[in-house]
Amino acid sequence: MAKDSDTSNTRDFVTTSEAAEALGVSYYTVYEYIREKRLVAEMVGGIYMIPRKAVEEFKAKPTGRTRTKPPPWRKYRAGAKVRGMDIHVRVHAGQQERLVEKLNAILEDQRYLFPGTMQRYVFEEDAEPKNLIISLIWKDTEMPDESAIQQDLKPLQAELADVLDWDTAQYTTKQAIIHT
């Protein structure tokens, strides 16, 4: 009787430990997903077996509390405004991966927080991933003047000079009319 050697590599089911590894969670979390009926499983010989396809298609819930109702539009009281600056800058050819490494290091070390900012984003354009938008948001009462912002930007520009084309960067300021 011939044994099919491909069967062991193309199983349709995985164990809870294998599912945990594939999902990047502990096997206790996989048991929770099964208990909550978020992940389908079958009991086989006293252990849970999970369809491989269910693991591949599984979507974890986002962390934190999911909003059930979007926040209302509003204006700041006492005439305060939200102001911001967008910096449009191109990634040097072949430097996308290095840029991501550098941004992850900046995040991990909590550098370049720009005093007074409420929010800081680095966006990658969907249509052209080589175009970045660095967006900095302040309450207008805390937004420094243009020269102070440029001074605060210099260390970031120096660190990312090998991956971003600062010579062609475009800077725009903006003011929010309403916000959430």
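All values derive from a computational prediction rather than experimental measurement. (Residues numbered from 1 in each chain as written. Predicted model: local features only at pLDDT ≥ 70, side-chain atom pairs only at ≥ 80, totals over all residues. Heavy atoms only, no water.)

### Section: the overall build of the chain
Scanning the chain for helices and strands turns up five helices and seven strands. Counted from the first residue to the last, the chain has its helices and strands arranged as β-α-α-β-β-α-β-α-β-β-α-β. Against the compact-globule benchmark of 16 Å for 180 residues, the chain has a radius of gyration of 24 Å, which places it well outside the compact range. Its C-alpha atoms put the chain at 80 × 45 × 30 Å along the principal axes. (Helix = DSSP H or I, 4+ residues; strand = E, 2+ residues; numbered from the N terminus. Rg over C-alpha atoms; globule rule 2.2 N^0.38 Å.)

### A short note on the sheet that holds strand β1 (residues 13-15)
One open sheet holds the three strands; their spatial order is β1-β3-β2, and the pairing between them is antiparallel. Strand pairing shows two members of the sheet lacking a second neighbour, β1 and β2 (42-44), which therefore form its edges. The sheet shows a mean angle of 45 degrees between the axes of neighbouring strands, taken without regard to direction. Two elements, β1 and strand β3 (residues 47-51), share three bridges in a ladder whose sense is antiparallel. Bridge assignment links Val14 to a residue of β3, and that residue is Ile50. This element, helix α1 (residues 16-23), spans β1 and β3 of the sheet and lies at about 90 degrees to β1. (Pairing = 2+ DSSP bridges. Axes fitted to C-alpha atoms, helices over the stretch in contact; angles between N-to-C directions. Contact = heavy atoms within 4.5 Å.)

### Description of the packing of α1 against helix α2 (residues 27-35)
At their nearest, the axes of α1 and α2 sit 8 Å apart, and the two run at 100 degrees to each other. Overall, the two elements α1 and α2 adopt an arrangement that is roughly perpendicular. Facing α1, whose interface residues are Thr16, Ser17, Ala19, Ala20 and Leu23, α2 presents Tyr27, Val30, Tyr31, Tyr33 and Ile34. Grouping the constituent residues of the contact of α1 with α2 by class yields eight nonpolar, two polar and no charged. (Parallel < 35°, antiparallel > 145°, perpendicular 65-115°, else oblique. Nonpolar A, V, L, I, M, F, W, Y, C, P; charged D, E, K, R; others polar.)

Geometric values such as these leave the question of function open.
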